[in-house]
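In case you want the letters, here they are:
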Amino acid sequence: MVQLNTIILVSSILAAASAAPLQKRIAQTIADSTADWEKACLAAGGAAQCNPISQTAFTSLLAAGGNCDQQNAADQMVSLAKTLGNDPEMIRLAQLFVQQPRNAPDSLQVPYCQVAPKNAELNGLFHCEFAGSDFTKFSGDQTGNTPLSVSAVNPPGSCPAKPDGPVPDGVQLNTLVQNPNAGGAAAGNAGAAAQTQAAQGTAAAATAKAAAPPAATGKAGAANNVGSAAPPVTPAAGAAAAPAAKGFALQNGKDAKALNAKFATLSASSACTAGETACVGTALAQCVNGKFVTTQCAGGLICTALPLVNSPGTSVTCDTAADRDARIAATGA
């Protein structure tokens, strides 16, 4: 009788498990979302300003990001473009970035930002969802289930740049479409703004490129994104940077070394604080619901902490071990 009851209990558990909905994590190589924008920024003369903004932007796609983090990052991208002669390519790519789907750890739809952007070029734009999402549910507190000033998204998961439907899982929107406003009126302000700036922006960008100083070699603020490595620190640059190691630069180097030592002790099961960014093995990791969610660096790069140069602090990004060591050595740490 005991054996029969055990069999019935196990069968019930298995039946319940098979009936439970399966959830999958939908992820992407986040650095690919801003790699083209960063190239356009460098071409426009943005120099060392480009990578920090690029890094902030692509990390906003991680699951732990706030509902408006992606839009706020896109605002930074557009604002920098405006200082570089209203560079039209930077603006176009920022408009596509703000529509890139975000990671979905629970396969539910990701809520939309409910605050208007600072730049008119982003008006009416909102992110697509990945095709594998459950289009009957949203994550979070259910306060952002429709985009700002939009009554419904039809078809579900679509966005102004891709009005025919959601983005295939893990794919970058900018590899599928070129026009940020293919859907027409939903993002009319953004498309119109980009078009009116295009002619003057091209000429102004050329002027900005001619006038812009070269990027500072070894500037940690220009830390690499997950898809490409920053220019390495040459011996000459390292020697030039050594005198600067008197103030916060030296402390930044020490802090970067300490962080890398800490990261070496972490695993995917390590305890973490919501929103915390770290390295787990060679992968970039962010804490979601008390657990690290990892994204592998591309191009053979590894996740690491780098010292900032122009301000106190460190950045966590992807780089080569050699470049990391050179940057830290340049601080005198």
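Heads up: the structure comes first, above all this text.
Here's a quick rundown of the structure. (Residues numbered from 1 in each chain as written. Predicted model: local features only at pLDDT ≥ 70, side-chain atom pairs only at ≥ 80, totals over all residues. Heavy atoms only, no water.)

**Some points on helix 3 (residues 50–59)**
Then step 1. Most of helix 3 is tucked away, with seven of its ten residues classed as buried.
Then step 2. Within the span of helix 3, buried status applies to Cys50, Asn51, Ile53, Ser54, Gln55, Ala57 and Phe58.
Then step 3. In this structure, the buried side of helix 3 is in contact with helix 2 (32–43), helix 4 (69–83), helix 5 (88–97), strand 4 (283–288) and strand 7 (314–319). (Buried < 20%, exposed > 50% of the residue type's maximum accessible area, 1.4 Å probe, protein only. Helix = DSSP H or I, 4+ residues; strand = E, 2+ residues; numbered from the N terminus. Contact = heavy atoms within 4.5 Å.)

**What to know about the side chain of arginine 92**
Then step 1. Mapped onto the elements, arginine 92 comes out in helix 5.
Then step 2. Its relative accessible area of 18% is what places arginine 92 among the buried residues.
Then step 3. A polar contact of 2.8 Å, which involves the side chain of arginine 92, links it to the backbone oxygen of glutamine 178.
Then step 4. Arginine 92 has contacts with Gln178 and Pro180, leaving out every residue within four places of it along the chain. (Polar contact = N/O pair within 3.5 Å; in protein donor to acceptor, adjacent residues only side chain to side chain.)

**Structural notes on the pairing of strand 7**
Then step 1. Judged by how many residues are buried, strand 7 sits mostly within the fold: five of six residues are covered.
Then step 2. In this sheet, strand 7 lies alongside strand 6 (residues 302–307) in antiparallel orientation, the contact comprising six bridges. Bridge pairing in strand 7 places proline 307 opposite threonine 314. (Pairing = 2+ DSSP bridges.)

**Points about the environment of leucine 125**
Then step 1. Topologically, leucine 125 is positioned in the loop between strand 1 (108–109) and strand 2 (134–138).
Then step 2. Separated by 56 residues in sequence, leucine 125 and asparagine 181 place their C-alpha atoms 8.2 Å apart.

**A word on the packing of helix 3 against helix 4**
Then step 1. Interaxial distance between helix 3 and helix 4 falls to 9 Å at its minimum, and their mutual angle equals 160°. The orientation of helix 3 with respect to helix 4, classified from their angle, is roughly antiparallel. Helix 4 is crossed by helix 3, and the crossing has left-handed handedness. Of the residues in helix 4, those in contact with Cys50, Ile53, Thr56 and Ala57 of helix 3 are Ala73, Gln76, Met77 and Leu80.
Then step 2. For the contact of helix 3 with helix 4, the residue count by class is six nonpolar, two polar and no charged. (Axes fitted to C-alpha atoms, helices over the stretch in contact; angles between N-to-C directions. Parallel < 35°, antiparallel > 145°, perpendicular 65-115°, else oblique. Left-handed = near helix turned anticlockwise from the far one by under 90°. Nonpolar A, V, L, I, M, F, W, Y, C, P; charged D, E, K, R; others polar.)

**Re the sheet that holds strand 3 (residues 277–280)**
Strand pairing in a sheet relies on backbone hydrogen bonds. The paired strands run either parallel or antiparallel.
Then step 1. Spatially, 3-4-5 is the arrangement adopted by the three strands of the open sheet, whose pairing is antiparallel. Because the sheet does not close on itself, it has two edges, and the strands there are strand 3 and strand 5 (291–295). Averaged over all neighbouring strand pairs, the angle between strand axes comes to 40°, with direction disregarded.
Then step 2. As judged from the five bridges shared by strand 4 and strand 5, these two strands associate in the antiparallel manner. Bridging across to strand 5, valine 288 finds its partner in lysine 291.

**Concerning the pairing of strand 6**
Then step 1. Of all the six residues making up strand 6, five are buried; the element is thus mostly covered by neighbouring parts of the structure.
Then step 2. The antiparallel hairpin formed by strand 6 and strand 7 contains six residues in its connecting segment, where glycine 313 sits at a positive phi of about 130°.

**Looking at the packing of aromatic side chains**
Then step 1. Scanning all chains against the criterion turns up two aromatic pairs.
Then step 2. Plain terms: the ring middles of tyrosine 112 and phenylalanine 126 are 5.7 Å apart, the flat faces sit at 85° to each other, and that makes the pair edge-to-face. Of this pair, tyrosine 112 sits in the loop between strand 1 and strand 2 while phenylalanine 126 sits in the loop between strand 1 and strand 2; the two residues are 14 residues apart in sequence, bridging distant segments of the chain.
Then step 3. Relative accessible area serves as the criterion here: at 12%, phenylalanine 126 is assigned to the buried category. (Phe/Tyr/Trp six-rings, centres within 6.5 Å; stacked < 30°, edge-to-face > 60°.)

**Some points on the packing of helix 2 against helix 3**
Describing two packed helices takes the angle between their axes plus the distance from one axis to the other.
Then step 1. For the pair helix 2 and helix 3, the least separation of the axes is 9 Å and the interaxial angle reads 165°. Our classification of the angle between helix 2 and helix 3 gives roughly antiparallel. Here helix 2 and helix 3 pass one another in a crossing that is right-handed. Contacts from Ser33, Thr34, Trp37, Glu38, Cys41 and Leu42 in helix 2 reach Cys50, Asn51, Ile53, Ser54, Ala57 and Phe58 in helix 3.
Then step 2. In terms of residue class, the contact of helix 2 with helix 3 is built from seven nonpolar, four polar and one charged.

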